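# Report on the structure
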Amino acid sequence: MIVAGCDVGSLTSKAVILDDGKILSQAVLASTFNTDESASMVMDRALRAVGLSLQDIGFCVGTGYGRDRIPFVSKAVSEIACHARGAWWLMPSVRTVIDIGGQDCKAIRLDEKGGVVKFFTNDKCAAGTGRFLEVMAKLLGISLDELGRLSSEARSPLSLASTCTVWAQAEVIHHLNEKKPKADIAAAINQAMANRVAILARSVGAQKDVCMTGGVAKNVGVVQALERCLDVNIRRLRVDPQIIGALGAAVFARENVRGGSHAGGRM
Amino acid sequence: MLVAGCDVGSLSAKAVILEDGSILSSQVILARPEPEDSAREVMDAALKAAGITMGDIEHCVGTGYGRHHIPFAHSVESEIACHGRGAQWLLPGVKMVIDIGGQDAKAVRLDDHGNVARYAYNDKCASGTGRFLEVMAGALGVPIEQMGEISGRAKAPVTISNQCVVFAETEIISLINAGKPLADIIAGLHRAMAHRVASLARGIELEQEITMTGGVAKNRGMFSALEEALGVKIREMSAADPQIAGALGAAVIASRRASG
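The present account deals with the structure reproduced in this document. (Residues numbered from 1 in each chain as written. Chains lettered and ligands numbered in written order. Predicted model: local features only at pLDDT ≥ 70, side-chain atom pairs only at ≥ 80, totals over all residues. Heavy atoms only, no water.)

## Topic: the overall build of chain A
Broken down by element type, chain A carries 8 helices and 10 strands. Its C-alpha atoms give chain A a radius of gyration of 19 Å, within 12% of the compact-globule value 18 Å for 267 residues. Its C-alpha atoms put chain A at 60 × 35 × 30 Å along the principal axes. Expressed as a percentage of its 267 residues, the buried residues of chain A come to 56%. (Helix = DSSP H or I, 4+ residues; strand = E, 2+ residues; numbered from the N terminus. Rg over C-alpha atoms; globule rule 2.2 N^0.38 Å. Buried < 20%, exposed > 50% of the residue type's maximum accessible area, 1.4 Å probe, protein only.)

Now the structure itself:
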């Protein structure tokens, strides 16, 4: 049975196609202003890569902030439940998922069956979300990827006193004016990001195993800073961390079809 | 007797000279990178306007975030105390001062003598400070000093759902793209900011006799949005520029210390 998951986020849309419990195809695209369009485009890309069409999909679960407006899904499930389920499906030992998206951050505690026990979300303040890094990368004139890598080259890492993105921006400008090395500034940025996320992670207990999902999980600098903050080894998932929500949605789709005990959007 | 107060803030510096209990001169300038330079420049301007020299000043109190870098100050006092004292001097009987600066916001409750009874302060988050309006003015391409006037023409103020400056900026860009009138957007921004500042004030319990100080108090739209958010009529500082309230308070404290 072929099933799919589609995650329409604020900045990117993701689709995953599962066939008998294996990832058959996946796609990530920048979201447009139109939810329908974003969903259709990313799903189409994932389908075409394996020569399938929407008719071949037995069940599709939608998630992400645009989940209620995806035309082709049979069911919508919250992002929290999907990230938990996706990470647990890849790594059953995971008990804490830290998901950093473009405009939010979530810390989720899981039970041994991949169900959500407790979670905290920040979508009110840009600090500790992907947006913080985006603002800073733009200020430094480098890409998000470079920002992540650059902190490993820091000789004497700086620090940022402010949490607020706006005030931290002023501090970064000050460091730049003082001709401080970009690597030292990048280290400060990634550390500030980790400090903020760690508060959320600690509030759910941050029990082992801990893994990270979402685009920011690809930022080595933030991951390492967060490992230091939480004093824990963050386990790497074997697929692109950005597709975990869509993967979780596909896992829900599969459970739904099989009528398994996890069927339904419980969370 | 001549005394002075000098308030070196993050964005502007202010100086007030008092002569026997009345304002002889006052000045506001944009802050320089070095607080020493800001302090000298604004005080020189105030002295020049009054036709006197620093030697004529018996006591000068420094305040503001740069207060420890004012070379000619005889003593220093916190901004909280100075704003309270300045407001009470101008508007006797006032019990609460809401000061919105370029990078912070304060709510100060005063006792019957103008002493600080309680205060709340935000300088951690840019939302609810002057910076919020500054960023939004930039995004809208409107000079900040025109925001109040433009918002007066609003017919149906928009609701801004984000509190964070970074997220609210994105939100207003989509409101502009959606074709919302500028006046409605600005009025919505004033409401959002007023809501934020009102929660700060409520945290120390509201008083009925309230005034507003700081540069943002000159924005009519913000002034009435705050009245609406608090459900209280705010007393206007008509006798002096609300931006000089801190420096004025410093000068009032200086006159007490001089006659000490």
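Once you've had a look at it, read on.
## A short note on the overall build of chain B
For chain B, the count of helices and strands is 8 helices and 10 strands. For chain B, the C-alpha radius of gyration of 18 Å lies close to 18 Å, the compact-globule estimate for 260 residues. If you line up chain B on its principal axes, its C-alpha atoms span 60 × 35 × 30 Å. Relative to its 260 residues, chain B shows a buried fraction of 54%. Contacts in chain B between residues at least 24 apart in sequence constitute 65% of all its contacts with a sequence separation of at least 6. The averaged location of the 30 negative side-chain charges in chain B is 5 Å from the averaged location of its 24 positive side-chain charges. (Contact = heavy atoms within 4.5 Å. Lys, Arg positive; Asp, Glu negative; His and termini not counted. Charge placed at Lys NZ, Arg CZ, Asp CG, Glu CD.)

## Digging into the side chain of D184 of chain B
Residues and elements named next belong to chain B. Note that D184 resides in helix α6 (residues 182-202). Although D184 is buried, it makes no salt bridge; K180 carries the closest opposite charge, 7.0 Å away. At 3.1 Å, the side chain of D184 forms a polar contact with the backbone nitrogen of A156. Filtering out sequence-adjacent residues up to four positions away, D184 remains in contact with A154, K155, A156, P157 and V158. (Salt bridge = Lys/Arg side-chain N within 4 Å of Asp/Glu carboxyl O. Polar contact = N/O pair within 3.5 Å; in protein donor to acceptor, adjacent residues only side chain to side chain.)

## Some details on helix α2 (residues 79-90) of chain A
In this model, α2 of chain A (12 residues) spans 16 Å end to end at C-alpha, consistent with the 16 Å of a helix rising 1.5 Å per residue. Within α2 of chain A, burial applies to I80, A81, C82, H83, A84, R85, G86, A87, W88 and L90 of chain A. (Expected span 1.5 Å × (residues − 1).)

## A short note on unusual backbone geometry
The peptide bond linking K208 of chain A to D209 of chain A adopts the cis configuration, its omega dihedral lying at -5°. Even without being a glycine, K179 of chain A presents a positive backbone phi close to 60°.

## Quick look at the packing of aromatic side chains
What the rule picks out here adds up to 0 aromatic pairs over all chains. The aromatic ring of Y65 of chain A is capped on one face by R69 of chain A, whose charged end is 5.9 Å from the ring centroid. A cation sits over an aromatic face here: R220 of chain B above F223 of chain B, 4.9 Å from the ring centre. (Phe/Tyr/Trp six-rings, centres within 6.5 Å; stacked < 30°, edge-to-face > 60°. Lys NZ or Arg CZ within 6 Å of the ring centre and 35° of its normal.)

## With respect to the packing of helix α3 (residues 130-140) of chain A against helix α6 (residues 182-203) of chain A
Packed helices, taken two at a time, are described by the angle between their axes plus the distance between the axes. Residue and element names in this part refer to chain A. Viewed as axis vectors pointing N to C, α3 and α6 meet at an angle of 170°, and their least axial separation amounts to 10 Å. It follows that α3 is roughly antiparallel to α6 by the angle criterion. Crossing geometry of α3 relative to α6 is assigned as right-handed. Counting all contacts with α3, which are made through G130, F132, L133, M136 and L140, the residues of α6 involved are K182, I185, I189, N190, A192 and M193. (Axes fitted to C-alpha atoms, helices over the stretch in contact; angles between N-to-C directions. Parallel < 35°, antiparallel > 145°, perpendicular 65-115°, else oblique. Left-handed = near helix turned anticlockwise from the far one by under 90°.)

## Quick look at the nonpolar core
Nonpolar side chains in soluble globular proteins tend to end up buried together. All names here are of chain B. The biggest cluster of nonpolar side chains holds 51 residues, and the ones touching the most others in it are L189, M212 and L230. Among the elements that line this core, the one with the most residues is α6, at 10 residues. Look past the residues within four positions of L189 in its chain and what remains in contact with it is F132, M136, L140, M147, I160 and I172. (Core = buried A, V, L, I, M, F, W, Y, C linked by side-chain atoms within 4.5 Å.)

## Some words on the state of the cysteines
If you walk through the whole model with that rule in mind, you get 0 disulfides over all chains. The thiol of C229 of chain A is not disulfide-bonded; the next cysteine sulfur, from C105 of chain A, is found 12 Å away. (Disulfide = S-S within 2.5 Å.)

## Focus on the sheet that holds strand β3 (residues 22-30) of chain B
Here we have 5 strands laid out as an open sheet, ordered β3-β2-β1-β4-β5 (chain B), and mixed in their pairing. Looking at which strands have only one partner, the edges of the open sheet turn out to be β3 and β5 (75-76) of chain B. (Pairing = 2+ DSSP bridges.)

## Remarks on the interface of chain A and chain B
In this complex, chain A contributes 12 residues to the contact, which on the side of chain B involves 13 residues. Interface of chain A and chain B: buried area, both sides summed, is about 990 Å²; carbon and sulfur atoms make up 68% of it. Per-residue buried area on chain A facing chain B is highest for R131, V166 and W167 of chain A; these three make up 57% of the total on that side. The interface formed by chain A and chain B contains 0 salt bridges. Linking chain A to chain B there are 2 residue pairs in polar contact (both at pLDDT 80 or more). Mapped onto the side of chain A that touches chain B, the elements with two or more residues apiece are α3 and α5 (165-177) of chain A. (Buried area = accessible area lost by both parts, 1.4 Å probe.)

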